[in-house]
Amino acid sequence: MTTHTILDSAPAVAVKDGPLIDARGLHKRYNDVEVLKGVDFAALPGQVKALLGPSGSGKSTLLRLLNLLEHADDGEIIFEGARLGVRPGTTRHAPERMLAVQRRDIGMVFQRFNLFPHLTAVRNVSLRLAALPGVGRAEAEQRAAQMLERVGLGHRVHAYPSELSGGQQQRVAIARALVLNPKVMLFDEPTSALDPELVHEVLDVMEELAAEGMTMIVVTHETRFARRVADEVAFFDHGVILEQAEPEKFFSEPEHERTRQFLAHLH
Ligand SMILES: Nc1ncnc2c1ncn2[C@@H]1O[C@H](COP(=O)(O)OP(=O)(O)OP(=O)(O)O)[C@@H](O)[C@H]1O
Ligand SMILES: [Mg+2]
């Protein structure tokens, strides 16, 4: 057993036992293409949800909406009981500075790590924290170094991204999201840009996070990880969630022929 934990604070507490994040009827269209066709998707506090589905089915689009990087054309996202992305009490889009505040609770990790190449690991992790009101650079860097320690990179805090392996860079990116103390973490294929032998070090960190109670939504093709760590698996196809089930049921007796085909393809 490890004695330290990745999370500083206790995991989010249920809002009247309801979902932490609850997306309802999301629609998103790019030009003439309807990419999300009415997606309902929720995660309870502490739940780990895996998202699977073919390329182009809308998985990344859903995560971008949940992270407020884009607005839905229709539908709503409720977080801890309040609607995200709008001015409180209205349906008007929130201005960017308000979105930035709402986004602080929602950590995001991308397939490509998107680290600043000219900044060391500790500077990459501390940058957004140091920009928050009342947090000085020294304090931000101290917390960043602690977070790097917790993803197993305490010995590499002063390394530049080019001096780190892909797995290490992705762990820096995870630390960068965690240092803001988010209540939910979104992962968009976090290991698919990695050499196969580096995948496990990132999945191990994610599994540890899950065990500590972090609410997680993970787009992944790592079915073994989904089976072991996820509480539920959702299958996306052509802009809808076709089915959703506990991993055991999902992988051994999927309901839809389309899901069976997809899984057969993966293996
Ligand atoms: N900014 C955009 N402008 C136009 N079309 C877009 C944009 N973003 C996504 N799309 C289209 O929306 C569809 C869904 O894309 P999305 O990236 O959500 O799929 P995905 O399920 O994440 O696929 P992958 O497994 O390849 O990552 C695709 O057809 C894509 O081309
Ligand atoms: Mg994608």
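Everything below is about the structure printed above this text.
Residues numbered from 1 in each chain as written. Chains lettered and ligands numbered in written order. Predicted model: local features only at pLDDT ≥ 70, side-chain atom pairs only at ≥ 80, totals over all residues. Heavy atoms only, no water.

Novice: So what about the overall build of the protein chain? Which residues, and what values?
Specialist: In terms of regular secondary structure, the protein chain is built from 9 helices and 10 strands. Taken over C-alpha atoms, the radius of gyration comes to 18 Å for the protein chain, in line with the 18 Å a tight globule of 267 residues would show. Dimensions of the protein chain, computed from the C-alpha atoms along their principal axes, are close to 50 × 45 × 40 Å. The burial tally for the protein chain puts 49% of its 267 residues in the buried class. Long-range pairs, those at least 24 residues apart, make up 65% of the contacts in the protein chain with a sequence separation of at least 6. Accessible surface for the protein chain amounts to roughly 12900 Å². Of this, 49% is attributable to carbon and sulfur atoms. The average position of the 30 basic charges and that of the 36 acidic charges among the side chains of the protein chain differ by 6 Å. (Helix = DSSP H or I, 4+ residues; strand = E, 2+ residues; numbered from the N terminus. Rg over C-alpha atoms; globule rule 2.2 N^0.38 Å. Buried < 20%, exposed > 50% of the residue type's maximum accessible area, 1.4 Å probe, protein only. Contact = heavy atoms within 4.5 Å. Areas by Shrake-Rupley, 256 points an atom, 1.4 Å probe, with all protein chains shown as cover. Lys, Arg positive; Asp, Glu negative; His and termini not counted. Charge placed at Lys NZ, Arg CZ, Asp CG, Glu CD.)

Novice: Which residues make up the pattern of salt bridges, and what are the values?
Specialist: Counted by the stated rule, this structure contains 16 salt bridges. Two residues, E139 and R143, come together in a salt bridge whose shortest N-O distance is 3.4 Å. Of the two residues, E139 and R143 both sit in helix α4 (residues 137–150), 4 residues apart, roughly one turn of that helix. Accessibility expressed as a relative area gives 34% for E139, which makes it partly exposed. A salt bridge links E257 to R260; its shortest N-O distance comes to 3.2 Å. (Salt bridge = Lys/Arg side-chain N within 4 Å of Asp/Glu carboxyl O.)

Novice: Residue-level account of the site of ligand 1, with values.
Specialist: Taken together, Y30, V35, P54, S55, G56, S57, G58, K59, S60, T61, R64 and E189 form the complete shell of residues around ligand 1. Taking G56, its main chain carries an N or O atom lying 2.8 Å from an oxygen atom of ligand 1. At 3.3 Å, a side-chain N or O of R64 approaches a nitrogen atom of ligand 1. A total of 640 Å² of accessible area belongs to ligand 1 in isolation, and the protein chains cover 60% of it. With 4 residues, helix α1 (residues 59–66) is the single largest residue contributor to the shell around ligand 1. Here the residues of the shell around ligand 1 sort into 3 nonpolar, 6 polar and 3 charged. (Near = heavy atom within 4 Å. Polar contact = N/O pair within 3.5 Å; in protein donor to acceptor, adjacent residues only side chain to side chain. Nonpolar A, V, L, I, M, F, W, Y, C, P; charged D, E, K, R; others polar.)

Novice: Requested: an account of the sheet that holds strand β7 (residues 184–188), with residues and values cited.
Specialist: In sheet architecture, strand pairing relies on hydrogen bonds along the backbone and comes in two forms, parallel and antiparallel. Taken in spatial order, the 6 strands make up an open sheet running β6-β7-β8-β3-β9-β10, and their pairing is mixed. The sheet terminates laterally at β6 (106–109) and β10 (240–245), the two strands that pair on one side only. Geometrically, the sheet is characterised by an average inter-axis angle of 20° between neighbouring strands, direction not taken into account. Sheet topology note: the β7/strand β8 (residues 215–219) ladder contains 5 bridges and is parallel. Bridge pairing in β8 places L186 opposite I217. Against the sheet, helix α9 (residues 257–266) touches β3 (48–52), β9 (232–237) and β10, its axis set at about 100° to β9. (Pairing = 2+ DSSP bridges. Axes fitted to C-alpha atoms, helices over the stretch in contact; angles between N-to-C directions.)

Novice: Account for the environment of A177, naming residues and giving values.
Specialist: Within the fold, A177 resides in helix α5 (residues 166–178). In sequence terms A177 and G107 are 70 residues apart; their C-alpha atoms lie 5.0 Å from each other. In this structure A177 touches G107, M108, V109, P182 and M185, once residues within four positions along its chain are discounted.

Novice: I'd love a proper account of the sheet that holds strand β1 (residues 21–30), names of residues and values included.
Specialist: Spatial strand order, β2-β1-β4-β5: 4 strands in an open sheet with antiparallel pairing. The open sheet is flanked by β2 (33–43) and β5 (82–83), the only strands paired with a single partner. Relative to strand β4 (residues 74–79), β1 is paired through 5 bridges, and the arrangement is antiparallel. What sits directly across from R24, in β4, is E76. Strands β1, β2 and β4 of the sheet are contacted by α1, whose axis makes an angle of about 120° with β1.

Novice: With reference to specific residues and values, describe unusual backbone geometry.
Specialist: Positive phi is not limited to glycine here, since N181 has a value of about 60°. With respect to the helices and strands, N181 occurs in the loop between α5 and β7. A positive phi is found at H238, a non-glycine position, where the angle reads about 45°. Here H238 shows up in the loop between β9 and β10. Overall, the relative accessible area of 55% leaves H238 in the exposed class.

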